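Here is what each chain is made of, one letter per residue.
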Amino acid sequence: MLSLSFSTIVILISIAFFAGLVDSMAGGGGLITLPALLILGIPPHAALGTNKLQSSFGSFTASYNYAVRYRMIEKKFIFIGILFVAVGACIGALSTKFISQDNLKIIMVILLILLLLYLILKKDTDSLDKHQLISYPIFYILVGLALGAYDGFLGPGTGSFWTVAFISLLGFNLKKATAHTKIMNCTSNLASLAIFLYHGEVFIAAGLCMAIGQIGGAFLGSKLVYTINVKYVKLVLILSSAASLCKLATDLLS
């Protein structure tokens, strides 16, 4: 198991800070932290669990800022979303032994390509809300179960999928969609973490060290989303989605 020397702790905190910054703005922080945990010698299952532990601190910090400090969260039916995301995440985490990850990755690669095209070609993801296509309860039940299960099972691109779902189905503007995405991410992180903790697959010492960096990065990232021009938020979202696509495609080809 990983030895937490002073230099290792500094590396973990630094990596987690950058990941928390990116994740709070657009998602995709796990693409930074999970490979780092594996490189540092943590076994794969423990790396997944440890990643959920440290990312829970970042997603909770960002969620708190968006909900309490900046009041960007629309509370209408959001607890339905939290419930169904939690259920979906538990199902996803428990189903890792029964579903082929390769088949799921193929589906996700296709969806990420479509998502990137949507983000690049769509010009009106600005500061104004658009037309809502489905009701809040239906959205939170269907999308919550699906993306909660995906995040609990695999994970890359979850934040991007949530953001585009909020924009395209509920008509949210980009900043508002990003804020609500973190609430859902935090829920699936915590639900998945509970499963990993139950199975003893979390390196708690490393996760808590990284939590320090995650909190700082998430605090700064959520502040940037609130203050900077929406086009920069969109750019980070596109880059994060592209990174998720490259990660999944590389896994399939390796």
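What this report covers is the structure whose coordinates are included nearby. All figures in this text were calculated on a predicted structure; none of them were measured in a lab. (Residues numbered from 1 in each chain as written. Predicted model: local features only at pLDDT ≥ 70, side-chain atom pairs only at ≥ 80, totals over all residues. Heavy atoms only, no water.)

## Section: the pattern of salt bridges
Inspection of every chain in the model, using the stated rule, returns three salt bridges. Of the charged contacts, one joins Lys176 and Glu74 as a salt bridge, the two residues approaching to 2.5 Å between their closest N and O atoms. One end of the pair, Lys176, is in helix H8 (residues 174-198); the other, Glu74, is in the loop between helix H3 (44-69) and helix H4 (78-94), and 102 residues separate them in sequence. (Salt bridge = Lys/Arg side-chain N within 4 Å of Asp/Glu carboxyl O. Helix = DSSP H or I, 4+ residues; strand = E, 2+ residues; numbered from the N terminus.)

## Quick word on unusual backbone geometry
Phi is positive for Arg71, which is not a glycine, with a value near 50 degrees. Here Arg71 is to be found in the loop between H3 and H4. Of note in the backbone geometry, Phe77 takes a positive phi value of approximately 65 degrees without being a glycine. Position of Phe77 relative to the elements: it lies in the loop between H3 and H4. For Phe77, a relative accessible area of 39% puts it in the partly exposed group. (Buried < 20%, exposed > 50% of the residue type's maximum accessible area, 1.4 Å probe, protein only.)

## A few points about the packing of aromatic side chains
For the structure shown, the criterion picks out eleven aromatic pairs. Here the aromatic rings of Tyr70 and Tyr226 are separated by 4.3 Å at their centres, their planes lie at 10 degrees, and the arrangement is stacked. Residue Tyr70 is located in the loop between H3 and H4, and its partner Tyr226 is located in helix H9 (residues 204-227); the two are separated by 156 residues in the primary sequence. Residue class for Tyr226 comes out partly exposed when judged on its relative accessible area of 42%. Counting every residue linked through ring pairs, the aromatic cluster contains Phe77, Tyr136, Phe139, Tyr140, Trp162, Phe166 and Phe172. Above the plane of the ring of Phe172 lies Lys176, whose end atom (NZ or CZ) is 4.3 Å from the centre. (Phe/Tyr/Trp six-rings, centres within 6.5 Å; stacked < 30°, edge-to-face > 60°. Lys NZ or Arg CZ within 6 Å of the ring centre and 35° of its normal.)

Honestly, it's all geometry; don't read function into it.
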